[in-house]
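Coordinate inspection notes
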Amino acid sequence: MFVTACHFFDGFESPTLGSHWFNVGGTHTATIVTTPSPPVPGNHLELTNTGTVAHYNGIRTTFGGIQPDAMSWWAKSGSASQHDAYFAPRDAADSLLTYIYFQANGPIRFLGSVELAQAYVANTWYFLELRNIDWTLKTYDAYVDGSLLGTSGFYSSSVSEISQLNLYQYGFNAVGYYDEISIGVCGTCARVCVCVCVCVC
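Quick look at the structure, then. Note that the coordinates shown come from a computational prediction; the quantities given were computed from them, not determined experimentally.

1. What about the pairing of strand β15 (residues 175-184)?
Burial runs high along β15: ten of the ten residues are buried. Where strand β4 (residues 44-49) lies against β15, four bridges are found, and the strand directions are antiparallel. Along β15, the bridge assignment pairs Leu45 with Tyr178. Judged from the six bridges that link them, strand β6 (residues 71-77) and β15 form a sheet pairing that is antiparallel.

2. Observations regarding the side chain of His28
Relative to the assigned elements, His28 resides in strand β3 (residues 28-33). Accessibility expressed as a relative area gives 15% for His28, which makes it buried. Within polar-contact distance, the side chain of His28 engages the side chain of Asn23 at 3.0 Å. Separated by 3.1 Å, the side chain of His28 and the backbone oxygen of Gly58 make a polar contact.

Cut-off values and rules
Residues numbered from 1 in each chain as written. Predicted model: local features only at pLDDT ≥ 70, side-chain atom pairs only at ≥ 80, totals over all residues. Heavy atoms only, no water. Buried < 20%, exposed > 50% of the residue type's maximum accessible area, 1.4 Å probe, protein only. Helix = DSSP H or I, 4+ residues; strand = E, 2+ residues; numbered from the N terminus. Pairing = 2+ DSSP bridges. Polar contact = N/O pair within 3.5 Å; in protein donor to acceptor, adjacent residues only side chain to side chain.

Structure representation (structure tokens):
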């Protein structure tokens, strides 16, 4: 038996988007789909921007102020010509720990005190991680498909915890895909405990 801190997990296995996700601006569609093939068996989220292009126009989930030591998620860009698949953890004052997205005609970008970048192929799933999040030094290690990309400081040095996560696209009709979002160390624990604050396995 071991204890792991799993603050939030969503594998998008319900047929509709969970009520813990809220619309936060703009016009978009959030659909639970099984095709194209998910990175793990089951469903995943397809999020499409259909209206005004602005940062954070999409969906958001909130949780009490937390200091996770890791985050991980699967993401895929729907097109190499759009900015999409944004993942933005923020505090209650809307300051960013970091934000990650697939840049049009560019790389996957991890934005912090140091910008980290990884080339990608559209319509291909990537497993993205923030590991070793240090809330004293305000640093994290970024991983893509299990390989270390580099270390960066937080985007905003004022962030001392996170309380929300935004998912969105920055382009008209831009499409991003997401699956298996873990805030904290979840893994198979989340499937058993449905990710309560402390999951005992």
